[in-house]
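# Results of the structural survey
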Amino acid sequence: MLTVDSISKSFGGLTAVNSCSFTIESQSITGLIGPNGAGKTTIFNVIAGAMKPDGGRVQFQGTNITGQPAHTLFHLGIMRTFQIPQEFFAMTVLENLMVVPAKQSGENLFYALLSPGNVAAREKEVRERAIDVLDFLRLTHVVDELAGNLSGGQKKLLELGRAMMALLDEPGAGVNPTLLGELAEMIERLNKERHYTFCIIEHNMDMIARLCDPVIVMVEGAVLMQGDMDTVRADPRVLDAYLGGDLHVAPN
Ligand SMILES: Nc1ncnc2c1ncn2[C@@H]1O[C@H](COP(=O)(O)OP(=O)(O)OP(=O)(O)O)[C@@H](O)[C@H]1O
Ligand SMILES: [Mg+2]
């Protein structure tokens, strides 16, 4: 589905991503792990169109999408979760989901003037879809609550709701164990029942082990190895890369 081909990105003299290549298979939950500073977030930024690489290509379903802006990628179904921006806290949970499909027909004045019925139909469709997503995430009881009043874990669920084919950068950070389990379950269900593809950066190895196959290990800007979590755990090069850190313990 998504191919990262020899991507490089430097900041001044520092090479953050060094000819990095990997593939995310359709309908997989792919984990991206590696020590701090390995280049994981940078590669997400490049895939998600937030940063232009110095070299290399990103292909989505065979189309070169390198350097395409985030809103173009969104329409292709690629979205990266971000923490919900402060201004969205003043909107309700439902509104937060309804503003996601940006650049839809209602925003185009000419389109609105020409076919108002169409806009109303589209809004109804977006509302139904949002309610469906909230139901799925078991957030129906807070549908009219301001997003700013949600708990930390509920905010993470809402972020997930805002994502489609999702690049998740540390979705579990700062989430308590109970809600972490719930978040993992939602990702699992979105994958199994609705066939969403995920790529997840996470330092919590239990969460990676539960969800991800394959797991890609990045070290110093490039892929060290890839495999299922048991293979990754058994590879001495991976332990070395974590500088003797114990992979069985979440390195927080
Ligand atoms: N905007 C930037 N300007 C300068 N250096 C940067 C920038 N972004 C990242 N870097 C550097 O690039 C390297 C890779 O950083 P990156 O954030 O991609 O790592 P990471 O794998 O996501 O780490 P972590 O697990 O700690 O989140 C680091 O050395 C970092 O200091
Ligand atoms: Mg990071």
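What comes next concerns the included structure. All values reported here derive from a predicted model rather than from experimental measurement. (Residues numbered from 1 in each chain as written. Chains lettered and ligands numbered in written order. Predicted model: local features only at pLDDT ≥ 70, side-chain atom pairs only at ≥ 80, totals over all residues. Heavy atoms only, no water.)

### Observations concerning the overall build of the chain
Counting secondary structure elements, the chain contains 10 helices and 10 strands. A burial count over the chain gives 48% of its 252 residues as buried. Taking the contacts inside the chain whose residues are at least 6 apart along the sequence as the reference set, 65% of them involve residues at least 24 apart. Carbon and sulfur atoms form 53% of the exposed surface of the chain, whose accessible area is close to 12,300 Å². (Helix = DSSP H or I, 4+ residues; strand = E, 2+ residues; numbered from the N terminus. Buried < 20%, exposed > 50% of the residue type's maximum accessible area, 1.4 Å probe, protein only. Contact = heavy atoms within 4.5 Å. Areas by Shrake-Rupley, 256 points an atom, 1.4 Å probe, with all protein chains shown as cover.)

### Examining the packing of helix H6 (residues 152-161) against helix H7 (residues 177-194)
In the contact formed by H6 and H7, the axes pass within 10 Å of each other and the chain directions differ by 15 degrees. Here H7 runs roughly parallel to H6, going by the angle between their axes. Considering the relative orientation of H6 and H7, their crossing is right-handed. Residues Gly 153, Lys 156, Leu 157 and Leu 160 of H6 pack against Leu 179, Glu 182, Leu 183, Met 186, Ile 187 and Leu 190 of H7. Residue classes in the contact of H6 with H7 are distributed as seven nonpolar, one polar and two charged. (Axes fitted to C-alpha atoms, helices over the stretch in contact; angles between N-to-C directions. Parallel < 35°, antiparallel > 145°, perpendicular 65-115°, else oblique. Left-handed = near helix turned anticlockwise from the far one by under 90°. Nonpolar A, V, L, I, M, F, W, Y, C, P; charged D, E, K, R; others polar.)

### Regarding the site of ligand 1
Surveying the vicinity of ligand 1 reveals 13 residues, the closest of which are Asn 36, Lys 40, Thr 41, Thr 42 and His 203. One of the backbone nitrogen or oxygen atoms of Gly 37 is found 2.9 Å away from an oxygen atom of ligand 1. Between an oxygen atom of ligand 1 and a side-chain N or O atom of Thr 42, the distance comes to 2.6 Å. Contact with the protein chains removes 61% of the 640 Å² of surface that ligand 1 exposes when unbound. Mapped by element, the contributors of at least two residues to the shell around ligand 1 are strand S2 (14-24) and helix H1 (40-47). Sorting elements by how many residues they give to the shell around ligand 1 places H1 first, with three residues. (Near = heavy atom within 4 Å. Polar contact = N/O pair within 3.5 Å; in protein donor to acceptor, adjacent residues only side chain to side chain.)

### Let's talk about the state of the cysteines
One pass over the full model with this rule turns up zero disulfides. With no disulfide of its own, Cys 199 lies 8.1 Å from the sulfur of Cys 212, the closest cysteine sulfur. (Disulfide = S-S within 2.5 Å.)

### A short note on the packing of aromatic side chains
Overall, the coordinates contain one aromatic pair when judged by the stated rule. Between Tyr 196 and Phe 198 the ring centres are 6.3 Å apart and the planes differ by 20 degrees, which places this aromatic pair in the stacked class. On the basis of relative accessibility, which here comes to 15%, the residue Tyr 196 falls in the buried class. One residue, Lys 155, lies across the ring of Phe 89, its end atom 4.9 Å from the ring centre. Across the ring face of Phe 136, the terminal group of Arg 189 is positioned such that the distance to the ring centre comes to 4.2 Å. (Phe/Tyr/Trp six-rings, centres within 6.5 Å; stacked < 30°, edge-to-face > 60°. Lys NZ or Arg CZ within 6 Å of the ring centre and 35° of its normal.)

### Concerning empty space enclosed by the protein
All told, the structure shown has one cavity of 30 Å³ or more when counted by the stated rule. Roughly 70 Å³ of volume is contained in the largest cavity. The wall of the largest cavity is formed by Arg 129, Val 133, Phe 136, Leu 137, Leu 160, Gly 161, Ala 163, Leu 190, Arg 194 and Tyr 196. Those elements giving two or more residues to the lining of the largest cavity turn out to be helix H5 (116-136), H6 and H7. (1 Å grid on protein atoms, 1.4 Å probe; cavity = no way out; pocket = protein on both sides within 12 Å on 5 of 7 lines; lining within 4 Å. Points joined across faces, edges and corners; volume = space filled by probe spheres on them.)

### Details of the environment of Ser 26
Inspection of the secondary structure puts Ser 26 in the loop between S2 and strand S3 (29-33). When the C-alpha positions of Ser 26 and Phe 198 are compared, they lie 8.8 Å apart, and in sequence the two are 172 residues distant. Apart from residues no more than four positions distant in its own chain, Ser 26 is found in contact with Met 1 and Thr 197.

### Describing the nonpolar core
Grouped together as the largest cluster of nonpolar side chains are 41 residues, with contacts concentrated most on Ile 33, Leu 137, Leu 160, Ile 187, Phe 198, Leu 211 and Val 232. In terms of residues, this core owes the most to one element, H7, which gives six residues. Not counting chain neighbours up to four residues away, the residues in contact with Ile 33 comprise Lys 40, Glu 202, Met 205, Ile 208, Val 215, Ile 216, Val 217, Met 218, Val 232 and Tyr 242. Counting residues in hydrophobic clusters, the runner-up holds 22 residues, among them Phe 44, Phe 60, Ile 216 and Met 218. (Core = buried A, V, L, I, M, F, W, Y, C linked by side-chain atoms within 4.5 Å.)

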